[in-house]
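The lines below spell out each chain.
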Amino acid sequence: MSAPAPSMFSPAANAMIQQLGLKKGRANLEEFADTLQALATADRNLIAVTSDSRGSGKLAPFGKALPKQIVEVGIAEQNLVGITAGLAACGKKAFGVSPSCFLTARSLEQIKNDVCYSNVPAVLVGISSGVSYGALGSTHHSLHDLAVLRAINNVTILVPADNIETREAIRYAAKATRPVFVRFGKAAMFDVTPAGAVFEAGKAITIREGTDVAFIANGETVVHAVLAAAHLAAGGISARVLSLHTVKPLDTAAILAAGRECRAVITVEEHMVAGGVGEAVASTLLQAGLAPRFKMVGFPDEDTVTGAQADLFRHYGISMEGLSATATALLRRS
Amino acid sequence: MTDRDLVLKSFALRRRMLRLIYEAGAGHTGGGLSCLDILNILYNRVLKITPETVADPLRDRYVQSKGHCVEALYAVMSDRGYFPDADLDTVCHYRSYYVGHPTRKIRGMEMNTGALGHGLPICLGMALAAKMDGATTRVFTLLGDGELAEGSNWEAAMAAAHHKLDNLVAILDHNTLQITGHTRDVLSNEPLDEKWRAFGWEVRTVDGHDYAALTAALTTPPPAGKPLFILANTVKGKGVGFMENVGKWHHGVPSEAELAQALSELTAAEQKVREASV
């Protein structure tokens, strides 16, 4: 018996989704799997490496269609990363795919040394990242992955928001000549990327313009920032929304513009606030002499409350209502 | 090169390694001396790599998992012409690429190693890549016996047999000592031959200082589908009497007097070989 999955959106948020005409896509995980298979079909040097994770990674069809381009290593993430690095060092476009919680903790030393320090063009894909596994508990959460990888030299860190960004992130990773880490979740996503927006690693995508407050978000939190911005607009507050899909290298120009042009900046992330996107944005602003009103929304340094991803998002204020309230309070403060 | 030529070369390589460590003021002396004969044979007889083919996709690969014994590797590779001997005057210097563990910034180095338990998984990836390409490339790594306590080695041991990587060779520099003392006292890992056999590997036990035996073990192909494990019994500090099997030489740096004594010991031993086999 499993509890019914709680809804990620309140009735009001659902109404706003309707009002904005947001198109419902699928899980970024599924978009990743299909994109990878299409790329691999065209390039026999593209290899997926899995640690009993081809089911979790939606790569079973890949394995069936391209059995010679998938390597199974069993439940052994250290070996997964070492093998991925070795393949990459020998000319293969190797994608190591494993739940982000294990990939970036169990095998962190392999990521640091075999991939980043050795500078091989390996791609590490952290699936079901953040609190995607929700009620499975903290063993399965990756609220540390961005912090640890931010502290390691020579890795591009991508956190796509929707199917469009996910597809582009994987295409970028397949062509990269240096290490790349991509993380995303497994909930169905709404398309939030504006038509005509160009995905470029290291360049944030502006989803909405605004001057009172800027939401700087990434991954599965972005849609909530978009809804909050629309909700705030009804109350006369103009909110900007940036999808900071690249955590490293950071788009300092977009962050500084937000800090100069908006009265307040709110960062939103499915990650612990320590070492995450919020701290990266804060240090960028402060070092440039900017001090807008500022708030970091994410997971605090505490024993994470239990529940499904939707419960956790709501609990920690990652929702249309939560983010709107945070923005209103921040702007009202004298 | 004959066995005799290589043995004669080994004395010069040991002297070069010791001078290098003395001048750098740091290094892994005992382990360098225990694996030097293995490296001498690999680079001068077994590996299909030359300084001219370091970028050839079909070259053999060597990844030194026990990266701390890089000084022996520096001596062997510089003698083989991968980089000038003068480069070794910069080991551990400010802004030098020649740090205390291998890095790819140095010509001919395949991977950055130094943390233990990394070489074997990397070599699996390399061996898999060669298999996918239908290449005859062989992939070699050198492990330490203390290093085998790292669990990643056993993840890789299992996977290598599963994937039938008969182009993969793991050489164990079995000198039975690690930084704290005897491996059997720190964390016993015997019986190693039975363990690796049980993991599906072809296991060959040899004297790690016997040039003919090591060469045969390295060059005779393993049965089809089996990765090859060479259990090379070695002596930590080999070739310098006062360093042999003495724990403090794990990363002991010789004083000027100790260096002089070690060099003269090696020169005397070399002279003996020259006289004996004329």
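Calculation criteria
Residues numbered from 1 in each chain as written. Chains lettered and ligands numbered in written order. Predicted model: local features only at pLDDT ≥ 70, side-chain atom pairs only at ≥ 80, totals over all residues. Heavy atoms only, no water. Pairing = 2+ DSSP bridges. Helix = DSSP H or I, 4+ residues; strand = E, 2+ residues; numbered from the N terminus. Axes fitted to C-alpha atoms, helices over the stretch in contact; angles between N-to-C directions. Contact = heavy atoms within 4.5 Å. Expected span 1.5 Å × (residues − 1). Buried < 20%, exposed > 50% of the residue type's maximum accessible area, 1.4 Å probe, protein only. Salt bridge = Lys/Arg side-chain N within 4 Å of Asp/Glu carboxyl O. Polar contact = N/O pair within 3.5 Å; in protein donor to acceptor, adjacent residues only side chain to side chain. Core = buried A, V, L, I, M, F, W, Y, C linked by side-chain atoms within 4.5 Å. Arc of directions from axis to C-beta. 1 Å grid on protein atoms, 1.4 Å probe; cavity = no way out; pocket = protein on both sides within 12 Å on 5 of 7 lines; lining within 4 Å. Points joined across faces, edges and corners; volume = space filled by probe spheres on them. Nonpolar A, V, L, I, M, F, W, Y, C, P; charged D, E, K, R; others polar. Parallel < 35°, antiparallel > 145°, perpendicular 65-115°, else oblique. Right-handed = clockwise from strand over helix to strand, strands pointing away.

(A) Representation of the sheet that holds strand 7 (residues 180-183) of chain A within the structure. Residue and element names in this part refer to chain A. One open sheet holds the 7 strands; their spatial order is 3-2-4-5-7-6-12, and the pairing between them is mixed. With partners counted over all chains shown, the strands left at the sheet margins are strand 3 (70-72) and strand 12 (246-248), one partner each. Neighbour-to-neighbour, the strand axes of this sheet turn through a mean angle of 20°, independent of strand direction. Sitting on the sheet, helix 4 (residues 77-89) touches strand 2 (46-50), strand 4 (93-99) and strand 5 (123-127), and the angle it makes with strand 4 is about 165°.

(B) Geometry of helix 5 (residues 151-162) of chain B. Across its 12 residues, helix 5 of chain B extends 17 Å between first and last C-alpha, which sits within 8% of the 16 Å expected from 1.5 Å per residue. Most of helix 5 of chain B is tucked away, with 9 of its 12 residues classed as buried. Every buried residue belonging to helix 5 of chain B is among S152(B), N153(B), W154(B), E155(B), A156(B), A157(B), A159(B), A160(B) and A161(B), and all of these are buried. In the core, the buried residues of helix 5 of chain B are packed alongside helix 4 and helix 6 (108-117) of chain A together with helix 4 (119-132), strand 2 (139-144), strand 3 (168-174) and helix 7 (192-198) of chain B. Where helix 5 of chain B ends, the next residue or the one after it, K164(B), has phi of about 55°, a positive value.

(C) A look at the pattern of salt bridges. Under the definition given, this model contains 23 salt bridges over all chains. The shortest N-O distance in the salt bridge between D311(A) and R314(A) comes to 3.0 Å. In this pair, D311(A) and R314(A) are both assigned in helix 12 (residues 309-315), 3 residues apart and thus about one turn of the helix distant. Residue class for D311(A) comes out partly exposed when judged on its relative accessible area of 27%. With its nearest N and O atoms 2.7 Å apart, the salt bridge here joins D85(B) to R16(B). A residue pair is termed long-range when its members are at least 10 positions apart, and D85(B) in the loop between helix 3 (70-80) and helix 4 and R16(B) in helix 1 (residues 3-24) qualify at 69 residues.

(D) Geometry of the side chain of R204(B). Residues and elements named next belong to chain B. Secondary-structure assignment places R204 in strand 6 (residues 202-207). By relative accessible area, which is 14% here, R204 ends up buried. Looking at R204, its side chain comes within polar contact range of the main-chain oxygen of P221, at 3.2 Å. Contact partners of R204, with chain neighbours within four places excluded, come to A216, A217, T220, P221, P222, L228, F229, I230 and L231.

(E) Region of the structure containing the nonpolar core. Residue and element names in this part refer to chain B. In this structure, L124, L168, W196, W201 and F229 are the most contacted members of the largest nonpolar core, which totals 71 residues. A per-element tally of this core places helix 4 first, with 8 residues. Setting aside chain neighbours within four positions, we find W196 in contact with L120, L143, L148, N153, W154, A157, W201, V203 and F229. Counting 53 residues, the second-largest nonpolar core is a separate cluster that includes L6, L13, L39 and A262.

(F) Geometry of helix 8 (residues 211-219) of chain B. Residues and elements named next belong to chain B. Within helix 8, burial applies to Y211, L214, T215, A217 and L218. One side of helix 8 holds all its buried residues, which, seen down the axis, span an arc of 165°. Here the buried face of helix 8 lies against helix 1, helix 2 (29-46), strand 2, strand 3, strand 6 and strand 7 (228-233).

(G) Expanded view of empty space enclosed by the protein. All names here are of chain A. Evaluation of the coordinates by the stated rule reveals 2 cavities of 30 Å³ or more. Counted as a void, the largest cavity has a volume near 60 Å³. Lining the largest cavity, in full, are S129, V159, P160, R183, F184, G185, N218, G219, E220 and E270. Counted by class, the lining of the largest cavity contains 3 nonpolar, 4 polar and 3 charged residues. Computed from the structure, the second largest cavity encloses a volume of approximately 50 Å³.

(H) Local environment of the packing of helix 1 (residues 11-20) of chain A against helix 9 (residues 222-234) of chain A. Residues and elements named next belong to chain A. Orientation of helix 1 relative to helix 9, taken along the N-to-C sense of each, is 85°, at an axis distance of 10 Å. As summarised for this structure, helix 1 and helix 9 are arranged roughly perpendicular, according to the angle between their axes. Seen from helix 1, the contacting residues are A13, M16, I17 and L20; seen from helix 9, they are V226, L227, A230 and H231. When grouped by side-chain class, the residues that make up the contact of helix 1 with helix 9 number 7 nonpolar, 1 polar and no charged.

(I) Geometry of the pairing of strand 11 (residues 239-243) of chain A. Residue and element names in this part refer to chain A. When you tally the buried positions in strand 11, you get 5 out of 5 residues, the bulk of the element. Residue alternation in strand 11 divides its side chains into two sets, A239, V241 and S243 and R240 and L242, and both sets are buried. Both strand 9 (residues 205-208) and strand 11 contribute to a ladder of 3 bridges, which runs antiparallel. Its bridge partner being in strand 11, I205 is matched across the sheet by S243. Of the pairings in the sheet, the one linking strand 10 (residues 213-217) to strand 11 comprises 5 bridges and is parallel in character. By the bridge assignment, F215 is partnered in strand 11 with V241. Between the parallel pair strand 10 and strand 11, the chain is carried across by helix 9, and the sense of this crossover is right-handed.

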